[in-house]
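Each chain is listed here by its residues.
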Amino acid sequence: MSDAAIEIRDLVKTYAAQKNQPVKHALQGVSLDVPNGGIFGLLGPNGAGKSTMINIMAGLVNKTGGTVRIWGHDIDRDHRNAKLSIGIVPQEIVFDPFFTPFEVLENQAGMYGVARTLRRSEALLRAVHLHDKRNAYARSLSGGMKRRLLIAKAMVHAPPILVLDEPTAGVDVELRRQLWELVGDLNSQGVTVVLTTHYLEEAEQLCDRIAIINHGTLVTNQPTRELIAMARDKIVRVTLERDLTVPAEAIMGDPLLTKAVLIDPRTLEITYDRDRMSAGQVLAILQREGYTIQDVTTREADLEDVFVQLTMQQQAA
Ligand code: ADP
């Protein structure tokens, strides 16, 4: 087996036309490896193709073309072992409300054919901090508890790979941190984690590698720290004492300035390459043009800016 926990080659998914809906090219030839042992982030805006990709890995959606190997097992030729090697945490919370957390895990273990002696429902409930709720009805659990139970449910057959589809969509900050911690714990116990998210901060905090997809194609796939290093731009927001009398772009007379946008008649946001100039130089240009500066704030570009930059390049290409 190669070092990859998951190998995806030329993956294509075309959804057939529905009434009033044209054919949808959800994945248009995506190739990527998920390295063994890390936390891999699959990022992209809504409709990019993330869930389609995960559902193909989970065996819930049939691909149109390409190959997928999970833990070395081809999902077509060795479906059973591929399925046993992966645990999927879905986005939607669905439990039978009259089962207890313990029963939810036991039923799932039964579905995966895990022998009674090998079941680990108690240990899993402890791992997700739900042991004291083991006999409560699932319907009485809070949203956060239900999400943790879903993670335990995905782990009953002890898969080496855990995939989470938007694990923290719509949850509050506190719960988001709890879930990050839980995912980090599982990873440090050796589980390879793949998660989809459209929260860039989440990917930045949690993932050691990030792939970005947009319109069903791969935009980038690289270590998080390299992606963040690409955010070399710095952004300065300047409030002037009087209205700007020339178009904002005209201020970009200096070719080192990458972009100037007018926020309101007196406020300009200027993006510049921090390796090539300083905020002081940006302000000096404005002063030379005869503007008095009332207020200045600066910020570093973040993953969000990199994402916009990369997807704009993709559109231009
Ligand atoms: P993401 O998870 O990144 O939001 P999806 O994989 O859900 O993206 O969707 C990718 C594209 O495929 C979208 O344009 C979506 O509308 C379309 N799509 C998803 N599921 C279906 C389906 N069952 N039938 C038709 N089109 C679909």
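Below is a summary of the structure that appears in this document.

Notes on the sheet that holds strand β7 (residues 161–165)
What the six strands build is an open sheet, ordered β6-β7-β8-β3-β9-β10; its pairing is mixed. Every interior strand has two partners, whereas the edge strands, β6 (86–89) and β10 (217–223), have only one. Averaged over all neighbouring strand pairs, the angle between strand axes comes to 15°, with direction disregarded. Here five bridges tie β7 to strand β8 (residues 192–197), and the two strands are oriented parallel to one another. Each bridged residue has a counterpart across the sheet, and for Val163 the counterpart in β8 is Val194.

Notes on the packing of aromatic side chains
Under the counting rule described, the total for this entry stands at one aromatic pair. Between Phe98 and Tyr137 the ring centres are 5.9 Å apart and the planes differ by 85°, which places this aromatic pair in the edge-to-face class. Taken together, the positions of Phe98 in the loop between β6 and α3 (101–111) and Tyr137 in the loop between α4 (121–127) and α5 (143–154) put the pair 39 residues apart, joining distant regions of the chain. By relative accessible area, which is 40% here, Tyr137 ends up partly exposed. The lysine or arginine in question, Arg134, covers the ring of Phe102, its NZ or CZ lying 5.0 Å from the ring centre.

Concerning the layout of surface pockets
Reported here for the largest pocket is a volume of approximately 570 Å³. Lining the largest pocket are 24 residues; nearest its centre among them are Leu60, Lys83, Ile88, Gln108 and Tyr112. Among the secondary structure elements, those contributing two or more residues to the lining of the largest pocket are α1 (50–57), α2 (79–84), β6, α3 and α5. When residues in the lining of the largest pocket are grouped by element, the largest group, four residues, is from α2. Within the lining of the largest pocket, the residues separate by chemical class into 11 nonpolar, eight polar and five charged. For the lining of the largest pocket, the domains that each give at least three residues are domain 1 (1–85 + 159–173 + 187–229) and domain 2 (97–158).

Let's talk about the site of the ligand
Around the ligand sit Tyr15, Lys24, Ala26, Pro45, Asn46, Gly47, Ala48, Gly49, Lys50, Ser51 and Thr52, and those are all the residues in its vicinity. The separation between an oxygen atom of the ligand and a polar main-chain atom of Lys50 is 2.9 Å. At a separation of 2.8 Å, an oxygen atom of the ligand approaches a polar backbone atom of Ser51. Computed on the free molecule, the ligand has an accessible area of 560 Å², of which 65% lies beneath the protein chains in the complex. Of all the elements in the fold, those that place two or more residues in the shell around the ligand are β2 (24–35) and α1. Ranked by residues supplied to the shell around the ligand, first place goes to α1 with three residues.

Re unusual backbone geometry
The phi angle at Trp71 is positive, at roughly 55°, despite the residue not being glycine. Residue class for Trp71 comes out partly exposed when judged on its relative accessible area of 25%. At Ala158, a position not held by glycine, the phi torsion is positive, near 50°. Classification of Ala158 as partly exposed rests on a relative accessible area of 44%.

Regarding helix α9 (residues 279–288)
Side chains of residues three or four places apart in an α-helix project in the same direction, reflecting 3.6 residues per turn. Burial in α9 covers these residues: Val282, Leu283, Ile285 and Leu286. Around the axis of α9, the buried residues are gathered within 150° of arc, so they sit on the same side. Where α9 terminates, the next one or two residues include Gly290, which has phi positive at roughly 95°.

Digging into the pattern of salt bridges
All told, the structure shown has eight salt bridges when counted by the stated rule. For the salt bridge of Lys63 with Asp76, the shortest nitrogen-to-oxygen distance reads 2.6 Å. With Lys63 in the loop between α1 and β4 (65–70) and Asp76 in the loop between β5 (73–74) and α2, this pair connects stretches of sequence that are 13 residues apart. In this structure, Arg134 and Glu122 form a salt bridge, with 2.4 Å as the shortest nitrogen-oxygen distance.

Notes on the nonpolar core
Leu149, Ile151, Leu162, Leu164 and Ile212 are the most contacted members of the largest nonpolar core, which totals 44 residues. Ranked by residue count, the leading element in this core is helix α6 (residues 173–188), at six residues. Looking at which domains feed residues into this core, each of domain 1 (1–85 + 159–173 + 187–229) and domain 2 (97–158) supplies at least three. Not counting chain neighbours up to four residues away, the residues in contact with Leu149 comprise Phe95, Pro101, Val104, Leu105, Leu125, Leu130 and Leu141.

Thresholds, definitions, all that
Residues numbered from 1 in each chain as written. Predicted model: local features only at pLDDT ≥ 70, side-chain atom pairs only at ≥ 80, totals over all residues. Heavy atoms only, no water. Pairing = 2+ DSSP bridges. Helix = DSSP H or I, 4+ residues; strand = E, 2+ residues; numbered from the N terminus. Axes fitted to C-alpha atoms, helices over the stretch in contact; angles between N-to-C directions. Phe/Tyr/Trp six-rings, centres within 6.5 Å; stacked < 30°, edge-to-face > 60°. Buried < 20%, exposed > 50% of the residue type's maximum accessible area, 1.4 Å probe, protein only. Lys NZ or Arg CZ within 6 Å of the ring centre and 35° of its normal. 1 Å grid on protein atoms, 1.4 Å probe; cavity = no way out; pocket = protein on both sides within 12 Å on 5 of 7 lines; lining within 4 Å. Points joined across faces, edges and corners; volume = space filled by probe spheres on them. Nonpolar A, V, L, I, M, F, W, Y, C, P; charged D, E, K, R; others polar. Domains from an automatic or database assignment. Near = heavy atom within 4 Å. Polar contact = N/O pair within 3.5 Å; in protein donor to acceptor, adjacent residues only side chain to side chain. Areas by Shrake-Rupley, 256 points an atom, 1.4 Å probe, with all protein chains shown as cover. Arc of directions from axis to C-beta. Salt bridge = Lys/Arg side-chain N within 4 Å of Asp/Glu carboxyl O. Core = buried A, V, L, I, M, F, W, Y, C linked by side-chain atoms within 4.5 Å. Contact = heavy atoms within 4.5 Å.

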